[in-house]
Amino acid sequence: MAVIEVQGLVKHYGEVEAVCGVDLSIDAGEVFALLGPNGAGKSTIVEILEGHRAKTSGSVSVLGYDPAKAGRSYRERIGIVLQETAVEEQLTVKEAIDVYGSMYPKRRKTGELIELVGLGEKTDSRIKALSGGQRRRLELALGIVGDPELVFLDEPTTGFDPSARRQAWSIVENLTSLGKTVLLTTHYMDEAQYLADRVAVIAKGQIVAEGTPDTLGGRETASTLITFQMSGHSIEGLPSNEVTLSENGRVTVRSMDPTGDLHRITGWAIERGVELAGLSVTRPSLEDIYLELIGEGTDA
Amino acid sequence: MPDRPSTFFLLWSQTKYQNKIFFRNPMAAFFTLFFPLMIFVVFSLVFGNQEIGYLGVTTAQYYAPSMAVFAAVSATYTNLAVTTAYQRDRGILKRVRGTPLPPAVYLGGKIISAIMIAAMAVLIMMTIGVVFYGVQVYASTLASAAVTFIVGVASFAALGLLIAAVVSSGESATAVTNATLLPLSFFSGVFIVPSDDAPAWLDAVANFFPLKHFVEPFVAAFSPLTVGAGWDWGSLGYMVLWGVIAVVLAIRFFKWEAPVGRGGKSRRRKKDATVT
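Below you will find a few notes about this structure. (Residues numbered from 1 in each chain as written. Chains lettered and ligands numbered in written order. Predicted model: local features only at pLDDT ≥ 70, side-chain atom pairs only at ≥ 80, totals over all residues. Heavy atoms only, no water.)

**Here we look at the pattern of salt bridges**
Here is step 1: Scanning the entire structure with this criterion turns up 25 salt bridges over all chains.
Here is step 2: For glutamate 139 of chain A, the salt bridge goes to arginine 95 of chain B, with nearest N and O atoms at 2.4 Å. Separated into two different chains, glutamate 139 of chain A in helix 5 (residues 132–144) and arginine 95 of chain B in helix 4 (residues 92–97) make up a pair that spans both.
Here is step 3: Judged by relative accessible area, which is 0%, glutamate 139 of chain A ranks as buried.
Here is step 4: Between lysine 94 of chain B and glutamate 257 of chain B there is a salt bridge; the shortest N-O distance is 4.0 Å. Separated by 163 residues along the polypeptide, lysine 94 of chain B in helix 4 and glutamate 257 of chain B in the loop between helix 10 (233–253) and helix 11 (263–275) bring together distant segments of the chain.
Here is step 5: Of the residues examined, glutamate 257 of chain B reaches a relative accessible area of 21% and is grouped as partly exposed.
Here is step 6: Via salt bridges that share partners, Glu47 and Arg53 of chain A together with Lys94 and Glu257 of chain B belong to a single interconnected network. (Salt bridge = Lys/Arg side-chain N within 4 Å of Asp/Glu carboxyl O. Helix = DSSP H or I, 4+ residues; strand = E, 2+ residues; numbered from the N terminus. Buried < 20%, exposed > 50% of the residue type's maximum accessible area, 1.4 Å probe, protein only.)

Here you go:
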């Protein structure tokens, strides 16, 4: 059953089209990542789903509600982890979790939650005194204090050090093991790859690719890149179709048949007595696929 | 939802939480509770605590209630406007909006907390006046003093939220509340009693805004010259009018998020736009 169903979502800010026709369908228990650079429209989509922002057009259904019109009963079932930690600095960790927890019909126990996010030693510290990473972990705790069915995580680990990141990831895994649905936005490839069941890459307000982390952007069938340096020689007659020559003489060949292509290219070079300086053969990493998808790849 | 927390419980827990925040913010606590008290003490020293000829009461008998009103207005109008606007700047209002807490309960908790702090400020001021400065309290006018207080702080709380609703940031809330409260306090007889020679327009300004309609009846309730129970229905009605208009406009214009171009998030968004 789809928990989130979005069709043809459009959002304009004045003249700017932040989201231009996005479709999403996310099932219960799924971890879905919206991956994209800053300003791609991820947060706008999430904020529309959370009910913080009104859409311009399209249809949106979350847990059967229209978030723009939904009220208390919708918000009792969702949890929101904001991009920036926004809590009263004067409160202690425990007080903040207590006061926000008191708003929900179901709630997690304060002590257990504090342990879960690894703030046990900071229980009675003022929020003012917490480090950036500790604040984000508190934010995470506040997002799940109401034991929500659906959790929105807007860039949950931005600014985390590697160990805090691992810890945040294990909390998300813990949520999924409890059957929660998670929608997260991130601009980290590895985060999407590690956490998500499915990933949608978003650029300039549109979904440019969608799939599991392994098949994203046709990665498993993607072309191999053969590159080398040419100086003073024409590349005419190079036995491959997809050849590009950059200004500094770097030649890139996209190949779906790397073994054969490499044989033909080296044969061509030997025939003409040309040295292929810096010859390399690479398969694109997930990062390359991602950069290409969002339009910031090699040709940018 | 059978286990949904009751509105009463939520309102009470919000009120407690707002009180806690206030008392842990030394600046707010100082300016609301201590500053008016300081002015009162200074005035009593400077003018000497003797009968002021044209008022017919002692310095303390006038300034204890007038500075009590100033403290009450600071606690409601200034504090609500400034803290609410700052909370919006920092995304706290947005967070609250994303929880099941009904918005009216959140704002209700803020208002009740502000009124409790105002009541405390008034009690401290009057107690010090009575104990150390010989201020007289009259049983016959206590009821009208209490009603004037309640109507006054409720109206000024509404006005504070209206300011929070229309300003773009915490800084501008501070500027607007100070730029309105301080001059009005001078015109309305909080700090000084305008003489009969004051220009007519000054009188008109004072009469238009609600502060004078709070100070005059409250001070009168502690004046030995007041005859009867001290009810000033005109002033009470006028404050109610201001309060109702403020509530309507505050609801109309209230924003839970800082406007675009303000606050960290939108700044970042702007920067991104130039990158892509």
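**A short note on the interface of chain B and chain A**
Here is step 1: Facing the 33 residues of chain B at the interface are 35 residues of chain A.
Here is step 2: Of the roughly 3400 Å² buried where chain B meets chain A, counting both sides, 51% is carbon and sulfur surface.
Here is step 3: On the chain B side of the interface with chain A, the three residues burying the most area are Arg24, Arg95 and Pro100 of chain B, jointly 23% of the side's total.
Here is step 4: Summed over the shared surface of chain B and chain A, the result is 6 salt bridges.
Here is step 5: Among the ionic pairs, glutamate 47 of chain A bridges to lysine 94 of chain B, the shortest N-O distance being 2.4 Å. (Contact = heavy atoms within 4.5 Å. Buried area = accessible area lost by both parts, 1.4 Å probe.)

**Focus on the pairing of strand 3 (residues 31–35) of chain A**
Residue and element names in this part refer to chain A.
Here is step 1: Of all 5 residues in strand 3, 5 are buried; the element is thus mostly enclosed.
Here is step 2: Side chains Val31, Ala33 and Leu35 of strand 3 all project onto a buried face; the interleaved residues Phe32 and Leu34 project onto the opposite face, where all are buried too.
Here is step 3: Pairing analysis gives 5 bridges linking strand 3 to strand 7 (residues 181–186), with the strands arranged parallel. Across the sheet, alanine 33 pairs through a bridge with leucine 184, a residue of strand 7.
Here is step 4: Bridge count for strand 3 against strand 8 (residues 198–203) is 4 bridges, and the pairing is parallel. Within the sheet, the bridge partner assigned to leucine 34 lies in strand 8 and is alanine 200. (Pairing = 2+ DSSP bridges.)

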